[in-house]
Amino acid sequence: MAQESLGGAIDARTRRIDFGNGPGFQREGRLMALAQTVNAGYQMDADVQASNEHHRFKVSAMLQQGDDADFPSGEILPSNYQRERYDIGYGTRWGDHSLQFDYGRNDTGDAGTPALAMDIRYFEGDLYTLTYRYSPSGIYDVVASLYGSELDHGMSNFHLRPPPPAGMHRRNIATSSNRGFRLQVAREDDAGVWRAGIDGFREEHDSDVDNPNNPMFFVDNFNSAERRLLGLFVEREHSISAGLSAEFGLRINSVRTDAGSVNATPAMIMPPAQSLRDAFNAADRKQADTNVDLVAKFTHRLGETMTLYAGLAQKQRAPSYQERYLWLPLEATAGLADGQLYVGDVDLDPERSRTAEIGFDYLGERLRLHPRLFYTRIDDYIQGTPLAEDDPGAQMVRMMNAANNTRRPAPLRFTNVEAELYGLDMDWSWRVGERLEFSGLVNYVRATRRDVDDNLYRIAPPNVSLRASLQLGSLRAAVETVVYASQRDISATNREQPSSGYGVVNVHGAWQVSPALQLAAGADNLLDRKYAPHLGGYNRVSNPDVIIGERLPAQGLNLFARVLYTF
């Protein structure tokens, strides 16, 4: 069971060659080059690996670069980017034991982020993992891993976008460190598999805002904001009978958070900011939460083609360090990108969701269906709510508006609210013949507040996709249509804007020239449709093509070509 997986989790893994069967080395590699027109962007990947029965090696590199992206009415400014990634790995195996070390280096340079108050100057860091495995055949599987990262992040509001007056220049310097471990033991028996383990991590974040033109200006955004988690889990996959199986899981997480005292230039000259600082520094910032996750899933196979599914789950999530320790009205929200100011709440409670899900899997000779109906009730869901007029945060923003001739709305405070969600997900495919197949996705979710008459914030509108794929020997082609409905069920509490529906057409094709070489090309947004996804951010940059405060448009017509060579 993943840590704090309130809405599910994605298990992302890098490519890794298996150990060989003899003393001689086997090798495999992958070279990829891609170019696209929407932003004159390109990407190049190289991955080379080798192994024998006792050793394996990996070296890989990736380079991405692109200019400002186009959309039908102009350019998204700034949206250029450049990124490099390097990875090395070494593994050794002796008997039933193995040891694997992996190191990655990420180096992101200038990158425009028009939905944020600043653009990226750099985002660089080191990531490393050490994993030990003991796998006696057919008995136990023991995996122990240590991991960590050191990240440095810099942003500014003057180096890529049109700069404000020198007195309003802002620069954010942030650092974070992360250390973690995981120990899992698995054992198979005649009826299934047991898994149990312990895991944990400790992360610390610092973030400081300054003005390079004014050494007297500073903001301690986050000072030694710390989050520690220690978890215990047990899982069981069990075959109850010939057609009935079940999965059960229990996880208990202990989450501890803390943060250092803060200060800022505004708190030295503005009474409301001083009140916010003093209240935060006087608060008991050490917080402790104990969260319990429970999962039960059942599958009943009715025959060769039909399987019924039912699941129940309780998941909990402790507040993030931003939700708890954002003391001054700022936009440091870990990606909300909605242009609004937020303040945190040290005393937030953990979220608790309870979900029921039913569905079936139909796997016919030509037709496949995988529908799921779900209902989720969330207690203490964390969402922004407006501050009272006499709150120091609201008073501070009014003073800033008066001083700078701006009209920023009152900040939102991260608050525990009551919520519920229900909906339908389904993926399907229909193979018409040996060469032609249709497939698609259907998604619908309705989400409301239970404590007030309002909708939840940032909920995707109903959407469907339809894909037609044709295979002609070594040639493969696909046409895809993606349609999103308008979203009018919006959050008044969060001042959310409605969005219009849209549909886009994508065309992709590939030619398998040989077992090692593949050529591919295609067009995304073939009809060059102008649209703005509902979950997209809002523009924060002066741009003649996009009004400040308007939802950012998606990229326009993008023609791309890709070469993939494996060996």
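Placed above this text is the structure.
What you see is a predicted model, and the numbers here were worked out from it, not measured in a lab.

A.B. asks: How should I be thinking about unusual backbone geometry in this particular structure?
C.D. replies: Leave glycine aside and you will find that most residues have negative phi; peptide bonds, for their part, are mostly trans. Following Leu77, the chain continues to Pro78 via a peptide bond in cis, the omega torsion being -20°. For Pro78, the location among the structural elements is in the loop between strand 5 (74-76) and strand 6 (81-94). The backbone of Ala337 shows a phi angle near 50°, a positive value even though the residue is not glycine. The phi angle at Asn525 is positive, at roughly 55°, despite the residue not being glycine. With respect to the helices, strands and loops of the structure, Asn525 is situated in the loop between strand 24 (517-524) and strand 25 (558-566). The class of Asn525 is buried, set by a relative accessible area of 4%.

A.B. asks: What exactly am I supposed to notice about the packing of aromatic side chains here?
C.D. replies: Ring pairs (aromatic) are described by centroid distance and by the angle formed between their planes. For the coordinates displayed, the defined rule picks out ten aromatic pairs. A ring pair is formed by Phe25 and Phe57, whose centres lie 6.2 Å apart and whose planes are at 35°; its orientation type is tilted. Of the two residues, Phe25 is situated in the segment before strand 1 (26-36) and Phe57 in strand 3 (residues 55-66); the sequence distance between them amounts to 32 residues. In this structure Phe57 comes out as partly exposed when scored by relative accessible area, which is 39%. Centroid distance Phe57 to Tyr90: 5.2 Å. Interplanar angle 45°. Geometry classified as tilted. Pair noted here: Phe57 is in strand 3 and Tyr90 is in strand 6, with a separation of 33 residues, a long-range link. Through a chain of ring-to-ring contacts, the aromatic side chains of Phe25, Phe57 and Tyr90 assemble into a single cluster. The ring of Tyr140 has Arg187 sitting right over it, with the charged end atom 4.9 Å from the ring centre.

A.B. asks: Quick question: what am I supposed to make of the environment of Ala259 here?
C.D. replies: The topology assignment puts Ala259 in the loop between strand 13 (244-258) and helix 1 (265-269). Overall, the relative accessible area of 7% leaves Ala259 in the buried class. Through-space distance from the C-alpha of Ala259 to that of Gly66 is 38 Å; in sequence the pair is 193 residues apart. Once you skip the residues sitting within four places of it in the chain, Ala259 turns out to touch Asn223, Ser224, Ala225, Phe280, Arg285 and Tyr325.

A.B. asks: What am I meant to see in the nonpolar core here?
C.D. replies: As a rule of thumb, nonpolar side chains are buried together in soluble globular proteins. Judged by nonpolar contacts, the single largest core of 30 residues is most densely connected at Phe280, Tyr325, Trp327 and Leu328. Counting residues per element, the ones that place at least two in this core are strand 12 (214-239), helix 2 (271-282), helix 3 (321-325) and strand 19 (412-431). Of the residues forming this core, the biggest block, four residues, is contributed by strand 12. If we ignore the near neighbours within four places in the chain, the residues touching Phe280 are Ala259, Gly260, Val262, Arg285, Tyr325, Trp327 and Val346. Membership of the second largest hydrophobic core comes to eight residues, among which are Ile378, Tyr381, Leu456 and Ile459.

A.B. asks: For this particular structure, what's the right way to read the pattern of salt bridges?
C.D. replies: Per the counting criterion, the structure on display carries 35 salt bridges. A salt bridge links Arg16 to Asp102, with the nearest nitrogen and oxygen atoms 2.5 Å apart. With Arg16 in the segment before strand 1 and Asp102 in strand 7 (residues 97-108), this pair connects stretches of sequence that are 86 residues apart. On the basis of relative accessible area, Arg16 is assigned to the partly exposed category, the value being 37%. The exposure class of Asp102 is buried, given its relative accessible area of 17%. In this structure, Arg377 and Asp379 form a salt bridge, with 4.0 Å as the shortest nitrogen-oxygen distance. In this structure Arg377 comes out as partly exposed when scored by relative accessible area, which is 38%. Using a relative accessible area of 12% as the deciding quantity, one classes Asp379 as buried. Each member of the salt-bridge network shares a partner with another, and the members are Arg352, Arg377, Asp379, Glu418 and Arg450.

Cut-offs used in this document
- Residues numbered from 1 in each chain as written.
- Predicted model: local features only at pLDDT ≥ 70, side-chain atom pairs only at ≥ 80, totals over all residues.
- Heavy atoms only, no water.
- Helix = DSSP H or I, 4+ residues; strand = E, 2+ residues; numbered from the N terminus.
- Buried < 20%, exposed > 50% of the residue type's maximum accessible area, 1.4 Å probe, protein only.
- Phe/Tyr/Trp six-rings, centres within 6.5 Å; stacked < 30°, edge-to-face > 60°.
- Lys NZ or Arg CZ within 6 Å of the ring centre and 35° of its normal.
- Contact = heavy atoms within 4.5 Å.
- Core = buried A, V, L, I, M, F, W, Y, C linked by side-chain atoms within 4.5 Å.
- Salt bridge = Lys/Arg side-chain N within 4 Å of Asp/Glu carboxyl O.

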